[in-house]
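A structural walkthrough
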Amino acid sequence: MSKLILLHTSPIHRRAFNAFVSTSLSKPLSTPTSLRFLCLRPQFISPSPPLSLRSISARAFDSSPLSSTDTKEDESQESDGEIVNKSKTADKEYPSGEFRFEKASAWKSFVVKLRMLIAFPWQRVKKGSVLTIKLRGQVSDQLKSRFSSGLSLPQICENLIKAAYDPRISGVYLQIESLNCGWGKVEEIRRHILDFKKSGKFVVAYVPACGEKEYYLASACQEIYAPPSAYFSLFGLTVQASFIRGVLEKVGIEPQVERIGKYKSAGDQLARKTMSKENCEMLTALLDNIYGNWLDVISSTRGKKREDIENFINEGVYQVEKLKEEGWITNIQYDDEVISMLKERLGVQKEKTLPMVDYKKYSKVRQWTVGLSGGKDKIAIIRASGSITRVRGGLSLPGSSIIGEQFIEKIRSVRESKRYKAAIIRIDSPGGDALASDLMWREIRLLAASKPVIASMSDVAASGGYYMAMAADTIVAENLTLTGSIGVLTGKFNLGKLYEKIGFNKEIISRGKYAEVLAAEQRPFRPEEAELFAKSAQNAYKQFRDKAAFSRSMTVDKMEEVAQGRVWTGNDAASRGLVDAIGGFSRAVAIAKLKANIPQDRQVALVELARPSPTLPELLSGIGATLVGVDRTMKEVLQELTFSDGVQAQMDGIMFQRLEGASQANPIFSLLKDYFGPL
């Protein structure tokens, strides 16, 4: 479900457009500072023989057109059932990476205590402390610096692992509120909560505001508490699709969209007024997978039948008292009452304060201090989070997007270094610039030819995100990771009627049959121009699809069945050969060890190639957003107003937003920002 919108206006045109939209709608719409054409000029790079990761026919990646006869000669067709069985068999061949808590020996306990005595003051924790983590808002897949606000998934998981082995930590107190992240991250956090419980320490959840995602996490805890006035909204899940074609018509803008693939819906919000049958089919399947998984996990956790859980949800229950009666929560208590209960449990006198250490302070505690480091074998971790661009924009913030040229430098440094036995590429991206995606694909292929490369998917690895992943030896995804979306879409805005309304005129003198394609936004495509764009889009799609077929050892015909711009959950993608194994980051590490011939019981050093460094915006934000006027919302807007040229291998951001956490902003603003921002 990638999107490719072709726009071009001069600065004068932008001011006219802004002025007209602001006066035409009841609420002003914020538009990007620049709208430009994205031309279809991808270069198809045929891989050299040494880069072949799988034993397949060379014809599966032939740049020339493939006939159905050639395809049948290369590989016999398989039924869907055979694909599912092969996928399950392949998944079982990989180590699970399951966390196994091992009690420290007397000598190791002595060494750990000694390390704690000599630790820096900011790494010291009082014995008998409770680790407190407030899980709310956005959860980034990137590491955070000490000046960064918000939560970091790798640091949350690392804290839970450290706390399991830290003799100073008695248990964990999670305060869970409204989360703005995807189900992949939620699954990862939940897995680490379950792993922490293997240490025998307690983990308690406090949920003042709780929806399905929040309860999914809380259900992994031993006890769940909520205040009498808690907001519970366990009413089910929805997927929404908004359409602005009517808005564009009112202001005189005609979107001209060329779709490739029947599930390509990234342009529907611009070109349609209602949901297409294919898009409805795809979104329904995604929703069924997510909701079905939720029902299965909750029913298993609560010890109830799935039908009983679904019936309870359909009653529209919001009373905290009834949730307690039905066993959904442990008790109704305020935060101070829960803390008093923990004090009593840990033998802390009433007049004394419960020793607690928060998430941010505990993140400073090194793994070395609690005896979790020391492996000689090194595995490189390269994180790829955000939309994909080829070069850094003037307003882009570090860590806010995947900068192709910087990512390639990291890949090359790992390939040229003898320090690393393997590499894990952690992907959390809906895609972006197709040229950048292709260049990174090439570098990952080169790296995979010299040492094992594992792709680990987080919330989403679709379009350009999947483009990167498919170059790895093995792809690991969460059950509910959004992935696939192999396809492109192209088009442009015809602003002729808008210009008439505001009295603006534009005339062009040109030489060359197609010279005005990138310049004439004041009129629709001419027939020959429309044909050129259709052929260019089809060519770009074929290149993406054929590379996917080559990378996944599939025939082009078989890849076509799962491509066409369709988004899959990780579980469905695995059953169709797009993903190799289901699991989180720990499983990716286990598979990397397997591929690098490192024993599973041997510790390895995970080397992050993108350690966080404080930036001026982060420093200002850390000092105080209200003081300098720099807050999260503004940074996001600035980030999304950066631009990139070329084909956009981008998943439908609106669909992703609705599935992973709806924005509370003005829907029209969100739509325009979503479509104009990543370009």
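Residues numbered from 1 in each chain as written. Predicted model: local features only at pLDDT ≥ 70, side-chain atom pairs only at ≥ 80, totals over all residues. Heavy atoms only, no water.

In the nomenclature of an unreviewed UniProt entry, the chain corresponds to Peptidase S49 domain-containing protein from the organism Malus domestica. One UniProt comment on the chain, placed under Subcellular location (unreviewed entry), says "Membrane". (UniProt positions renumbered as here; feature names shortened; annotations may be inferred.)

Structural notes on the overall build of the chain
Check the secondary structure of the chain and you find 27 helices and 23 strands. Every one of the 679 residues in the chain was classed for burial, and the buried ones make up 54%. Considering only contacts in the chain between residues 6 or more positions apart, those separated by 24 or more positions represent 77%. When the accessible surface of the chain is summed, it comes to about 29600 Å², and 51% of that surface belongs to carbon and sulfur atoms. (Helix = DSSP H or I, 4+ residues; strand = E, 2+ residues; numbered from the N terminus. Buried < 20%, exposed > 50% of the residue type's maximum accessible area, 1.4 Å probe, protein only. Contact = heavy atoms within 4.5 Å. Areas by Shrake-Rupley, 256 points an atom, 1.4 Å probe, with all protein chains shown as cover.)

Some points on helix 10 (residues 277-302)
Taking 1.5 Å per residue, 26 residues should reach 38 Å; helix 10 reaches 37 Å between its end C-alpha atoms and fits that length. A positive backbone phi angle near 70 degrees is found at Gly 303, which sits one or two residues after helix 10. (Expected span 1.5 Å × (residues − 1).)

Here's the deal with the side chain of Arg 552
Along the chain, the position of Arg 552 falls in the loop between helix 19 (527-551) and helix 20 (556-562). By relative accessible area, Arg 552 is classed as buried at 6%. Looking at Arg 552, its side chain comes within polar contact range of the main-chain oxygen of Gly 577, at 2.9 Å. (Polar contact = N/O pair within 3.5 Å; in protein donor to acceptor, adjacent residues only side chain to side chain.)

Observations concerning the confidence of the model for the chain
Residues of the chain with pLDDT of at least 70 account for 76%, and the chain-wide mean is 79. Contacts of residues 1-79 to residues separated by more than four positions or lying in other chains number 205 contacts, the stretch itself having pLDDT below 50. Long-range and interchain partners of residues 618-646, a stretch whose pLDDT sits below 50, account for 53 contacts in this model, where long-range means more than four residues apart. (pLDDT = per-residue confidence, 0-100.)

Some remarks on the packing of aromatic side chains
Evaluation of the coordinates by the stated rule reveals twelve aromatic pairs. With a centroid separation of 6.5 Å and an interplanar angle of 50 degrees, the aromatic rings of Tyr 173 and Tyr 206 are classed as tilted. You can see Tyr 173 sitting in strand 3 (residues 169-180) and its partner Tyr 206 sitting in strand 4 (residues 202-206), a full 33 residues away along the chain. Each member of the pair, Tyr 173 as well as Tyr 206, carries the same accessibility label: buried. Taken together, a centroid distance of 5.6 Å and an interplanar angle of 85 degrees make the contact between Trp 183 and Tyr 216 edge-to-face. Of this pair, Trp 183 sits in helix 6 (residues 183-197) while Tyr 216 sits in helix 7 (residues 212-218), and the two are 33 residues apart along the sequence. Among the aromatic residues, those joined into a cluster by ring pairs are Phe 99, Phe 101 and Tyr 165. Above the ring of Phe 202, the side-chain terminus of Arg 345 is found at 5.5 Å from the ring centroid. The ring centre of Trp 568 lies 4.4 Å from the NZ or CZ of Arg 566, which sits over that ring. (Phe/Tyr/Trp six-rings, centres within 6.5 Å; stacked < 30°, edge-to-face > 60°. Lys NZ or Arg CZ within 6 Å of the ring centre and 35° of its normal.)

Digging into the nonpolar core
Counting residues in hydrophobic clusters, the biggest one holds 58 residues, and the most contacted among them are Leu 135, Leu 174, Ile 193, Tyr 215, Phe 232, Trp 294 and Trp 328. Sequence-distant contacts of Phe 232, that is, excluding residues within four places in its chain, are made with Val 207, Cys 210, Tyr 215, Ala 226, Tyr 318, Val 320, Leu 323 and Ile 329. (Core = buried A, V, L, I, M, F, W, Y, C linked by side-chain atoms within 4.5 Å.)

Some points on the environment of Val 517
Take Val 517: it is sitting in the loop between helix 18 (496-502) and helix 19. Here Val 517 falls in the buried class, since its relative accessible area comes to 5%. Residues Val 517 and Ala 530 lie 13 residues apart in sequence; the distance between their C-alpha atoms is 9.2 Å.

Description of the UniProt feature "active site" (unreviewed entry) in the chain
Mapped onto this structure's residue numbering, the UniProt feature "active site" (unreviewed entry) falls at Lys 264 and Ser 463. For the annotated residues, spread through 200 residues, the largest C-alpha to C-alpha distance comes to 11.2 Å, consistent with a single compact locus. With respect to the secondary-structure elements, Lys 264 resides in the loop between strand 8 (254-259) and helix 9 (268-271). Classification of Lys 264 by relative accessible area gives buried; the value is 0%. Relative to the elements of secondary structure, Ser 463 occurs in the loop between strand 16 (453-462) and helix 17 (464-469). Since its relative accessible area comes to 0%, Ser 463 is described here as buried.

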